[in-house]
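Inside the fold
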Amino acid sequence: MAENFIISQGNGISVQYNGKKIVLDPSSSVDADVIFISHAHMDHMHRPKQNSVVLTSHETAYLAAQRDNELGAVETELEGYEMIDSGHILGSRGLLIENELYYTGDIAGRPRGFLPRGKPVKCKTLILESTFGEEEYRFPPIAIVQDRVNKLIADLFSRGIPVLLMGYALGKAQIVSYLFSSWQPMYSHEAVFKMNGAYRTLNVDLKGESIEISKAEEEGLLKRMPWVMVAPMSSGRSKFVKSLKEKYGVVTIGFSGWAVNESYKHSRALDYAFPISDHCDFYELVSFVKECAPEKVYTFHGSAVSLAEHLREIGFDAEPLLGAQKSLKSFI
Ligand SMILES: [Zn+2]
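For clarity, every value in this text was computed on a predicted model and none was experimentally measured.

Cut-offs used in this document
Residues numbered from 1 in each chain as written. Predicted model: local features only at pLDDT ≥ 70, side-chain atom pairs only at ≥ 80, totals over all residues. Helix = DSSP H or I, 4+ residues; strand = E, 2+ residues; numbered from the N terminus. Rg over C-alpha atoms; globule rule 2.2 N^0.38 Å. Buried ≥ 20, exposed ≤ 12 C-beta atoms within 10 Å, placed from the backbone. Contact = placed C-beta atoms within 7 Å. Domains from an automatic or database assignment. Nonpolar A, V, L, I, M, F, W, Y, C, P; charged D, E, K, R; others polar. Expected span 1.5 Å × (residues − 1). Pairing = 2+ DSSP bridges. Axes fitted to C-alpha atoms, helices over the stretch in contact; angles between N-to-C directions. pLDDT = per-residue confidence, 0-100. Core = buried A, V, L, I, M, F, W, Y, C linked by C-beta atoms within 7 Å.

1. Here's the deal with the overall build of the protein chain
Within the protein chain one finds 9 helices and 17 strands. Taking 332 residues into account, the globule formula puts the C-alpha radius of gyration at 20 Å, and the protein chain, at 21 Å, falls close to it. Classification of the 332 residues of the protein chain by burial places 45% in the buried group. Considering only contacts in the protein chain between residues 6 or more positions apart, those separated by 24 or more positions represent 57%.

This is how it looks when you write it as structure tokens:
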């Protein structure tokens, strides 16, 4: 029998049906029968005191704990719910409720290194993350970006210049570490080193080894140039980057979907920026919707309004869920 879902948003997205309330990715404590956590980027999740059940993958629970965000006892399986790999970061999942409603969480549009594309599933109602839901966002193939970056690093290495690769410490930094693991020696910022270690514990082979910066500095390794370092995304104006530039003349390369716009590189004061994203681009979002073939689509995050508008133009019943986006940080 078709379920009657009532969908609203505020502190996460709330879905009510059959007298039950499930809250998807709440950012603070909330009363619910089930709380679903799609992935470990949800920094401010608080486990409620009530008898709520927390549903998440064991990888997400582990990664959250590594980031001092203990989720307590979690369920990794629950009748009526199916978690589906969203390919966004390790352990990220979308949620299919009663085989009818599919919430994607943050979702990737293509395989990158050891991560797959988020899986489309036929459903009646689709709640779709729409961070890059505008036509200007078309990401080039990963292999082309990888090739360009390898050529750039080769050129810098030939002149003895060290390279700083930057991306979000959980998720992007591990993809970057993997894709460019052939460059040695490779050093890692503490935050990246910790998350790389967590990925390895969860059986991800990141290929090459890297040495933590503090150890490299202690042993005077950074003076022997060139080298590659992977660090969390930070501005070229930050103390960390400025210091590496002064001491070693490092060249910075940032990785983000936002790098599709030339302005991203300038606003972050980066030397180079390349679009490698853990989200779908506009065209991948549209294909994803077609593959899921839903009767109703709700879009959330980023370009929710314009993506819903485009989906209506091509014949889908689509509307944005507005207000769920608290800050840029909430959809890294
Ligand atoms: Zn995320």
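2. Section: the environment of Ala 304
With respect to the helices and strands, Ala 304 occurs in helix H9 (residues 304-313). Residues Ala 304 and Lys 122 lie 182 residues apart in sequence; the distance between their C-alpha atoms is 21 Å. If we ignore the near neighbours within four places in the chain, the residues touching Ala 304 are Ser 130, Gly 133, Thr 299, Pro 320, Leu 321 and Leu 322.

3. Thoughts on the domain arrangement of the protein chain
By convention, interface size is frequently given as the accessible area that disappears when the constituent parts associate. The domain boundaries assigned to the protein chain delineate domain 1 (6-136 + 279-331) and domain 2 (142-274). A straight line from the C-alpha centre of domain 1 to that of domain 2 covers 29 Å. Counted by class, the side of domain 1 that touches domain 2 contains 8 nonpolar, 4 polar and 4 charged residues.

4. As for helix H4 (residues 190-201)
Between its first and last C-alpha, H4 extends 16 Å over 12 residues, near the 16 Å set by a 1.5 Å rise per residue. Within the span of H4, buried status applies to Val 192, Phe 193, Met 195, Asn 196, Ala 198 and Tyr 199. Where H4 is buried, its residues meet helix H1 (58-66), helix H3 (172-179), strand S11 (186-188), strand S12 (211-212) and strand S13 (228-231). One or two steps after H4, the chain reaches Asn 203, where phi turns positive at roughly 70°.

5. Some words on the sheet that holds S13
Pairing within the open sheet is parallel, and its 6 strands lie in the order S12-S11-S13-S10-S14-S15. Edge positions in the open sheet fall to S12 and strand S15 (272-274), since each of these has one partner strand only. The strands that H4 touches are S11, S12 and S13; relative to S11, the one it contacts most, it runs at about 100°.

6. Details of unusual backbone geometry
Across the junction of Gln 184 and Pro 185, the peptide omega takes the value -5°, indicating a cis bond. Its place among the elements puts Pro 185 in the loop between H3 and S11. With an omega dihedral of 5°, the bond running from Met 225 to Pro 226 counts as a cis peptide bond. As for its position among the elements, Pro 226 is in the loop between helix H5 (213-218) and S13. For Asn 203, which is not a glycine, the phi torsion comes out positive at approximately 70°. Position of Asn 203 among the secondary structure elements: in the loop between H4 and S12. Among the residues examined, Asn 203 registers 9 C-beta atoms within 10 Å and is labelled exposed. Within the chain, Ala 269 stands out as a residue other than glycine whose phi angle is a positive 55°. Within the secondary structure, Ala 269 sits in the loop between helix H7 (262-267) and S15. A count of 15 C-beta atoms within 10 Å places Ala 269 in the partly exposed class.

7. Considerations on the confidence of the model for the protein chain
Predicted coordinates in regions of low pLDDT should not be interpreted in detail. On average, residues of the protein chain score 93 in pLDDT, and 94% of them reach the 70 mark or higher. In the predicted structure, residues 324-332 sits below a pLDDT of 50 and forms 15 contacts with residues beyond four places in sequence or in another chain.

8. Digging into the nonpolar core
In terms of nonpolar packing, the biggest core is built from 91 residues, with Val 163, Leu 164, Leu 165 and Met 229 touching the most fellow members. The element contributing the most residues to this core is H4, with 5 residues. Mapped onto the domain boundaries, this core takes at least three residues apiece from domain 1 (6-136 + 279-331) and domain 2 (142-274). The contact partners of Val 163, leaving out residues within four places of it in the chain, are Ile 153, Leu 156, Val 228, Val 250, Val 251 and Ile 253.

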